[in-house]
Amino acid sequence: MALNWFKLSSPASFYPVAGTLIPWFAGGAAVLTAIGLWLGFGVAPTDFQQGEVYRIIFIHVPSAWLSMFLYVVMAFWGALALGFGTRLSGMMTQAIAPTGALMTFIALWTGSLWGRPTWGTYWAWDARMTSELILLFLYLGIIALRQAIGEPRRADRACAVLSIVGVVNVPIIYYSVKWWNTLHQGASVKLTGASMETTMLAGMLVMSVAFWFYSIAIVLARLRAIILERERDAAWVGALPEVRNVAGVAR
Amino acid sequence: MLEAQNLAARRGYAELFSGMGFRVKSGDALVVTGPNGTGKTTLLRMLAGLSAPAEGEIRWNGHPVRPFSAELRNVVAYAGHLPSLKDELTTEENLAALVELSGASASAAEIDRALDSVALSHRRALPARVLSAGQRRRIGLARLILSRRPLWILDEPVTALDAAGAALLARMVHDHLDRGGIAVAATHQSLGLEPARVQSLVLGETVPA
Amino acid sequence: MSAEAQTSVAAATHAAGDAALAGVRWALARDLKLAFRSRAELGVQLLFYVIVVTLFPLATTPERNLLATMGPGVLWVAALLASLLSLPRLFATDHADGTLEQIALSPYPLEALVSGKIAAHWLTTGLPVVLLAPLLGQQYYMDGESLTVLAAGLLIGTPILSLLGAIGAALTLGLRGGGGLLALLILPLYVPVLIFGAGAVDATRAGLGATANLSLLGAGLALAVVGAPFAAAAAVRIALD
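Residues numbered from 1 in each chain as written. Chains lettered and ligands numbered in written order. Predicted model: local features only at pLDDT ≥ 70, side-chain atom pairs only at ≥ 80, totals over all residues.

**Observations regarding the sheet that holds strand 5 (residues 63-64) of chain B**
Residues and elements named next belong to chain B.
Then step 1. Strand order in the open sheet formed by four strands is 2-1-4-5, with antiparallel pairing between adjacent strands. Two strands bound the open sheet, and with one partner strand each, they are strand 2 (14-24) and strand 5.
Then step 2. Judged from the two bridges that link them, strand 4 (residues 55-60) and strand 5 form a sheet pairing that is antiparallel. By the bridge assignment for strand 5, R59 is matched with P64.
Then step 3. With respect to the sheet, helix 1 (residues 40-48) is in contact with strand 1 (2-11), strand 2 and strand 4, its orientation differing from that of strand 1 by roughly 130°. (Pairing = 2+ DSSP bridges. Helix = DSSP H or I, 4+ residues; strand = E, 2+ residues; numbered from the N terminus. Contact = placed C-beta atoms within 7 Å. Axes fitted to C-alpha atoms, helices over the stretch in contact; angles between N-to-C directions.)

Okay, structure coming up:
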């Protein structure tokens, strides 16, 4: 098993593996989304307090979970990039950041849409929303840093350091905002009651896995593009059919 | 002994050189020449331990050394393009700070002597801001003398030095090699060393591994 | 472990500790000397702090109670901004004249040298803010107890700003958009410091006591002191590569 991992750790060998994995995860995501939305919009009952509006949690909660999960995964690959210096680890961090940022944005946006009918305002300074907003800033910071550093190796390692520092700070930030909020008795967002209907929970879980599969598929696709870009001088890239068939590329 | 094997360097996406190797014994010098942009500074920074090579290995006395490794840091005196001086500090203070930074200790008398040997005694109390480029370089030479390191890595050391300064540098390198040290220099000007002690590395051409 | 091995390990640790201390001392002494010789620059940064603090009432209200509520927050945010203003200076000048490479190649541990620089940075930017804030707090009609807690919070918190800021300054060395990018990277990390620092004063005003907030700040400082020099040193090496 150990041998397999090391063989996979070069961009050249992982590229085709990623290519085979993507359709499975994309397909899985599509199927799970269909099931999840059916559960969420079709099966789960109307909420006692919030009516139909609560159904946005089937998008809001999975995206929020993914936003945090992806950050941790990104920091993990960053740690590998710093520790082992493998190019693929650095490329993974580059591939994950935009999807993580998107998930954070979706969480914020759907949270805001949920807030309007529920609390009468698009924004509330509750712990989750506020720390989600700060998480978005952290993601954007990593993307901005990568853009600012032209050289790919330095960018990999700088973004790795930043994401590791961030991953230590995210729980601290969340806790501090929660503290700040309880101190000021701000609007506390409750999910629909203390215990959730089984179908609601099932719907949320299915949608979470669907989002997770989607993220994997998209990240792998982006990773393949990054591999092509960064390894463009390598012989194996030139030999790929998708590269050779591009008009204007010299044979 | 300094060895390099199969070194390759990349800047961004462009490859500067690859497959480079050499071996320099104590008492010898490696002179690196080549047109601008061929990677001389990059190579020197790799040997000093500032930068990791894209491929290949560097060895000091048989042990492989990675960037910033403690072994290299105790052994190298690196003189880069910039003179590494603080404008606000005087000549004396700059020299003392650099020497102390390299872990060596130098008494006031030794600093005096070093400044004397590079003809900067009369400028000792002036802030570096008012020194000429050549005078700043000389502080670097004084630092090399006082730091007592076996491996000298010099990037264009003759820049801005006048004839007397260049002669002084040549003498210093000569003495350093006599003491068993190693010098790696990127330079266009001859250092006046015996050809037997000098290996030449020309970048920009294919180099045998 | 044999007795000989034990003594040699002890000796090695002792030597490493000595090297670290020597490194901290070198960097601290040199940076303080340099800062003292560019005193005007430090004065300018402090003046920035004063001006920002003075602007807020002009933009909001001279009303006593509102100002007293706003005061801690404004004084803290201004401290954050002043810290950001001075951070690029931490490594950029050394980087520009080649000294940073010499520092990175020194036999002294880079973490120690970086710690010394951060300490000098705090002494020249953070500490003046701590001393000035109680004076400026008068503009916000803050009472003595609040001012004490404010100063205590700033005393614990401004070193954290220097420590975290050093990581950002090292990561953004030599990059375009430096100052703005640094702010984007560091301000989210500053949020807990801001919350607990300003929160300590709020808690005092509400009669709840500042111990909890200040203790959390203290814990944050301990964490930053242990972790930040390593992260910042790693970032410096990455920037020099």
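**What about the interface of chain C and chain A?**
Then step 1. The interface is formed by 21 residues belonging to chain C together with 23 residues belonging to chain A.
Then step 2. Of all the secondary structure elements, the ones that give two or more residues to the side of chain C that touches chain A are helix 7 (144-171), helix 8 (178-205) and helix 9 (211-240) of chain C.
Then step 3. Considering each element in turn, the side of chain C that touches chain A owes the most residues, eleven residues, to helix 8 of chain C.
Then step 4. Residues of the side of chain C that touches chain A, tallied by class, amount to 17 nonpolar, two polar and two charged. (Nonpolar A, V, L, I, M, F, W, Y, C, P; charged D, E, K, R; others polar.)

**Re the confidence of the model for chain C**
Then step 1. Per-chain confidence: chain C averages 92 in pLDDT, with 100% of residues scoring 70 or above.
Then step 2. Both confidence scores are given for the complex: pTM 0.89, ipTM 0.90. (pLDDT = per-residue confidence, 0-100.)

**Section: the sheet that holds strand 7 (residues 151-155) of chain B**
Two modes of strand pairing occur in sheets, parallel and antiparallel, and in both the strands are linked by backbone hydrogen bonds.
All names here are of chain B.
Then step 1. Taking strand neighbours across the sheet as the criterion, the five strands line up as 6-7-8-3-9 in an open arrangement whose pairing is parallel. A single partner strand is all that each edge strand has here, and the edge strands are strand 6 (76-79) and strand 9 (198-202). Ignoring strand direction, the axes of neighbouring strands in this sheet form an average angle of 15°.
Then step 2. Pairing analysis gives five bridges linking strand 3 (residues 29-33) to strand 9, with the strands arranged parallel. Bridge assignment links A29 to a residue of strand 9, and that residue is V198.
Then step 3. Together, strand 3, strand 7 and strand 8 (182-186) form the strand contacts of helix 6 (residues 163-178), whose direction differs from that of strand 8 by roughly 145°.

**Focus: the nonpolar core**
All names here are of chain C.
Then step 1. One finds A170, A235 and V236 to be the most contacted residues of the largest nonpolar core, which totals 208 residues.
Then step 2. No other element matches helix 8, which puts 15 residues into this core.
Then step 3. Among residues more than four places away in sequence, those in contact with V236 are F91, L100, A104, L110, V114 and A170. (Core = buried A, V, L, I, M, F, W, Y, C linked by C-beta atoms within 7 Å. Buried ≥ 20, exposed ≤ 12 C-beta atoms within 10 Å, placed from the backbone.)

**Here's the deal with the packing of helix 7 of chain C against helix 8 of chain C**
Then step 1. Interaxial distance between helix 7 of chain C and helix 8 of chain C falls to 9 Å at its minimum, and their mutual angle equals 170°. In terms of orientation, helix 7 of chain C lies roughly antiparallel with respect to helix 8 of chain C. (Parallel < 35°, antiparallel > 145°, perpendicular 65-115°, else oblique.)

**Overview of the environment of C:I195**
Then step 1. Along the chain, C:I195 falls in helix 8.
Then step 2. Overall, C:I195 belongs to the buried group, with 27 C-beta atoms counted inside 10 Å.
Then step 3. Taking the C-alpha atoms as reference points, C:I195 and C:N213, 18 residues apart in sequence, are found 8.7 Å from one another.
Then step 4. Excluding residues that lie within four positions of it along the chain, C:I195 makes contacts with A:S176, A:V177, A:W179 and A:W180.

**Details of the environment of A:R224**
Residue and element names in this part refer to chain A.
Then step 1. For R224, the location among the structural elements is in helix 7 (residues 198-230).
Then step 2. When the C-alpha atoms of R224 and V17 are compared, they prove to be 9.9 Å apart, with 207 residues separating the residues in sequence.
Then step 3. Once residues within four sequence positions are removed from consideration, R224 is found in contact with Y15, A18 and G19.

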